[in-house]
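This is what each chain is made of:
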Amino acid sequence: MADFRNQNRQKKDVQQDGPQLIEKLININRVSKAHKGGNRLAFSALAVVGDGAGRVGMSLGKSNEAADAIRKGFGRAEKAMFTVQMAGTTIPHEIIGEADASRVLMKPASPGTGIIAGGPVRAVCEACGVRDILAKSLGSSNEINLVRATLAGLKQLEKLEVIQKRLDDEADEDN
């Protein structure tokens, strides 16, 4: 009987060798909806998932139970992942991401600087794999909008070669 238990443990260890994702739970919010019989409580969970190598996704999971909301948030965030253009451990150029009234200014930083950013922006950068960045949130401090603004900025990033080629093409058109 003891041999059988050991075999099961070994199988479980082998099954866990999938892609390792970094899951960050940014916020859990208790929300209520007024009904005829009283208020109905529910939970919303803001989740960010990344692989630490340039892919990141965000989602808002909602459910009547907090644990279900968190699980839904991570699952949907994993499906919503996209690739971020990176230059080593930082971003290729300065960018401002906008979402509703929130704006996030992100600047590349030299190696060893670390992530200098506030809560939600820091969580997105850590999940994405950006290790050196300077960021400042401008405008609204709503966590959902800050995450959306950060992701909007990261989606706009382009490689320096692409930007240089576009500038060269524009210079040729002017001549």
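To be clear, the structure that these remarks concern was listed above.
Let us look at the structure shown here. Keep in mind that what you see is a predicted model, and the values were worked out from it rather than measured.

**Re the sheet that holds strand β3 (residues 55–63)**
1) Next: Reading across the sheet, the four strands line up as β1-β2-β3-β4 and stay open at both edges, with antiparallel pairing between neighbours. The two strands at the open ends of the sheet, each matched to only one other strand, are β1 (22–35) and β4 (82–83).
2) Next: Pairing analysis gives eight bridges linking strand β2 (residues 38–50) to β3, with the strands arranged antiparallel. From the neighbouring strand, V49 faces β3, where its bridge partner is G57.

**Here we look at the sheet that holds strand β7 (residues 115–116)**
Note: strands within a sheet are paired through backbone hydrogen bonds, in either parallel or antiparallel orientation.
1) Next: Judged by pairing direction, the sheet is mixed, and its four strands sit side by side in the order β5-β6-β8-β7 without closing on themselves. Since the sheet does not close on itself, it has two edges, and those belong to β5 (95–99) and β7, each with one partner.
2) Next: Relative to strand β6 (residues 102–108), β5 runs antiparallel, the two sharing five bridges. Paired with G97 across the bridge in β6 is V104.
3) Next: Against the sheet, helix α4 (residues 143–156) touches β5, β6 and β8 (133–139), its axis set at about 135° to β5.

**Focus: helix α2 (residues 66–79)**
1) Next: With 14 residues, α2 extends 20 Å between its outermost C-alpha atoms, agreeing within 8% with the 20 Å of an ideal straight helix rising 1.5 Å per residue.
2) Next: If you check which residues of α2 are buried, you get A69, G73, F74 and A77. The arc that holds the buried residues of α2, viewed along the axis, is 130°, so those residues lie on one side. Counted as exposed and oriented over 90 degrees from the buried face of α2: A67, R71 and K79.
3) Next: The inward-facing, buried residues of α2 abut β1, β2 and β3.

**Quick word on the packing of aromatic side chains**
1) Next: What the rule picks out here adds up to zero aromatic pairs.
2) Next: Sitting over the face of the ring of F82, K155 holds its NZ or CZ atom 5.0 Å from the ring centroid.

**Quick notes on the pattern of salt bridges**
1) Next: Evaluated as defined, the whole model comprises four salt bridges.
2) Next: Note that D68 and R71 form a salt bridge whose closest N and O atoms lie 3.5 Å from each other. With D68 and R71 both in helix α2, this residue pair falls three residues apart, about one helical turn.
3) Next: In this structure R71 comes out as exposed when scored by relative accessible area, which is 53%.
4) Next: Salt-bridge contacts for R103 lead to E98; the nearest nitrogen and oxygen are separated by 3.9 Å.
5) Next: Assessed through its relative accessible area of 35%, R103 is described here as partly exposed.

Each value, and the rule that gives it
Residues numbered from 1 in each chain as written. Predicted model: local features only at pLDDT ≥ 70, side-chain atom pairs only at ≥ 80, totals over all residues. Heavy atoms only, no water. Pairing = 2+ DSSP bridges. Helix = DSSP H or I, 4+ residues; strand = E, 2+ residues; numbered from the N terminus. Contact = heavy atoms within 4.5 Å. Axes fitted to C-alpha atoms, helices over the stretch in contact; angles between N-to-C directions. Expected span 1.5 Å × (residues − 1). Buried < 20%, exposed > 50% of the residue type's maximum accessible area, 1.4 Å probe, protein only. Arc of directions from axis to C-beta. Phe/Tyr/Trp six-rings, centres within 6.5 Å; stacked < 30°, edge-to-face > 60°. Lys NZ or Arg CZ within 6 Å of the ring centre and 35° of its normal. Salt bridge = Lys/Arg side-chain N within 4 Å of Asp/Glu carboxyl O.

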